[in-house]
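Spelled out from the first residue to the last, the chains are:
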Amino acid sequence: MKRRSFIKQSVLGSIAASLTGTGWAATSESSVLTILHTNDMHSRVDPFPMDGGPYQGLGGMARRAEVIRQIRSQADQVLLLDAGDVFQGTPYFNLFGGEIELKLMSQMGYDAVTLGNHEFDNGIAGLEAQLPHANFPFIISNYDFSQTSLNNKFAPYKVFDKGQIKIGVFGLGIDLNGLVAEPLYGNVKYIDPVPVAREMVQQLRSLQCQLVVCLSHLGYRYQNGRISDQKLAEQVSGIDLIIGGHTHTFLNEPQLVDSPEGHATLINQVGFAGINVGRIDYRRGSNSDQLTPASKTVKVTN
Amino acid sequence: MHTSRNTILYPGLLWALFMMLMLQCTTSQRARLVPSYQLMPIDISYLPDSLAEATIQPYREQLLMSMDQVIGISKKRLTEAPVESPLGNFVADAILVQAGDYYSQKIDLSVINNGGLRAPIPQGPVKLSHIYELMPFENTLYILELNGAQTRALFDLLARDQRMAIANSVAIVQNRRATKIFIDGAPFVDQKTYTLAVSDYLAQGGGGMDFLSEAKVLATKDVKIRDLIIEYIKRLEADGIEIDAEIEGRVKLIPEQ
């Protein structure tokens, strides 16, 4: 009994209890920061057609805009993020090259997006041509663009001041070799994400960020030894939240991974094609708050 | 029992307390933010935002004008899956048949990676937009000549990953190895060469097919893989044939030993 109460009173323990126990609470009333996130939207501008498929009727960027508008009208501080692969998957991309996706994301007020491999599907020039349609930054920490025309177009990280909270966001891209035809990505150099992530954490902590968020297009996890969000969290300490993509993984709730030095890292990914938006609310926890495990109000697809 | 348990627990308690204090010191500032979560499905319960809808409308109209035409009828919904799938077989066949026309010769093999099949073919009317979603990439056609080792490497990858579709061949797979290979109905011969119709992406070694970048390039054709599929469907439609494919034993898994 005594031991349990120690754990409960500990900060880490309370997070663990609220996350791995019965589930999650949606506590928008006391929330000081609301993170909304998507990944792998793959040019799915319109909802899936009603053709008997498993996702029929789901998604649609105009509906997503409405959801986000509603949340913004209630929530105090919103950070809207995407983990890449905005491009490719419907004829909207074949015909318009990503223009409509970026325009709509700009209207929705996306704060930061990282680069997925499909952002290179029309080559470096194809990506560059679309950048004027985005009023938000693409954040990528482990691609070296210095030998390309995109040099200095992307920041390795960005710090957001959202009310009382300072949030540091960095971005990790997947190795493009073998995934994208070489002529399309040209001289973009991929850098090992693990040391880059350590550097980013250090940098963002030194800038007094209370929350460090990684936008990752590495993929949730793999059976072979390839680097993934799971492996990243196990190897790099100090990331609070990994918003993942690439593997189109439908997680019903964020997964908690113990990082080195005991720092808890949350990983989340919400499928693909804009079928879901993930909503993470952060509230200030006092010691008494943390004794109460969160009640489960998770809304699940199907 | 009672006392012995306590003596084991006590040092553990002190250690836990120590660790918690350490954590409080190092992580207190950020950890005071307690997360909660809600998954929000974007479903029919939300009306579309009017500004977004107005922004989409001109693009959508243009898209429908060029993409809404029905090019064929599918007997059933074709989806991809590991090992062998109706959708994979259908696309591999389409590439093989149409590439033969572009090359003016019969081609021995075609291959497509499952990762390149991005959407199913729905049952019923199949629109141009469906094939763009199935094969959104702008990949073009390569005709390669594979030597025996390269051909074997292709079937070894098929046996190992089980994430690609082939046409005009059968592979017997055991313990994730291709133990027997038949191409165009005849047993595979190491000393022979085989022609392969494939996308530029795979031909250049993408999708884990590094060995294809070593193969002899017989021809590169300025036609997209997507257009091969579209032409094949139109051809079926002209002949009054519905789109359909089965799992027919192109990859035969023998129980592992």
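Small disclaimer: the values here were computed from a predicted structure and weren't measured.

### Points about the environment of Ala 186 of chain B
Residues and elements named next belong to chain B. Within the secondary structure layout, Ala 186 lies in strand E9 (residues 186-187). Looking at Ala 186, the relative accessible area reads 35%, which means it is partly exposed. Taking the C-alpha atoms as reference points, Ala 186 and Val 170, separated by 16 residues in sequence, lie 9.5 Å from one another.

### Overview of the state of the cysteines
Residue and element names in this part refer to chain A. The tally for this structure, following the rule as stated, stands at zero disulfides over all chains. Take Cys 209: it sits in no disulfide, and the sulfur closest to it among the cysteines is that of Cys 214, at 14 Å. When its relative accessible area of 4% is taken as the criterion, Cys 209 is described as buried. A relative accessible area of 0% means that Cys 214 is categorised as buried.

### Overview of the pairing of strand E11 (residues 264-268) of chain A
Regular strands show a simple pattern: their side chains alternate between the two faces of the sheet. All names here are of chain A. Across the five residues that make up E11, a large majority, five, are buried. Here E11 shows no split at all, with Ala 264, Leu 266 and Asn 268 on one side and Thr 265 and Ile 267 on the other all buried. Pairing between strand E9 (residues 241-243) and E11: three bridges, direction parallel. Opposite Ile 242, over in E11, you have Ile 267 as the bridge partner. Here four bridges tie strand E10 (residues 255-258) to E11, and the two strands are oriented antiparallel to one another. When the bridges of E11 are listed, Val 257 appears paired with Thr 265.

The rules behind these values
- The written sequence of each chain sets the order in which its residues are numbered from 1.
- Just so you know, chain letters begin at A and ligand numbers begin at 1, following the order they were written in.
- Where totals are concerned, whole chains, interfaces and linings use all residues; where local detail is concerned, this predicted model gives features only for residues with pLDDT of at least 70, and gives and counts side-chain atom pairs only at 80 or more.
- Hydrogen atoms and water are omitted, and side-chain values are computed over all heavy atoms in the structure.
- Helix numbers and strand numbers start at the N terminus; a helix is a DSSP run of H or I with at least 4 residues, a strand a run of E with at least 2.
- Buried residues are those whose accessible area, probed at 1.4 Å on protein chains only, stays under 20% of the maximum for their type, while exposed residues exceed 50% and partly exposed ones sit between those limits.
- In this description, the term disulfide denotes a pair of cysteine sulfurs within 2.5 Å.
- For two strands to count as paired, DSSP must find a minimum of two bridges between them.

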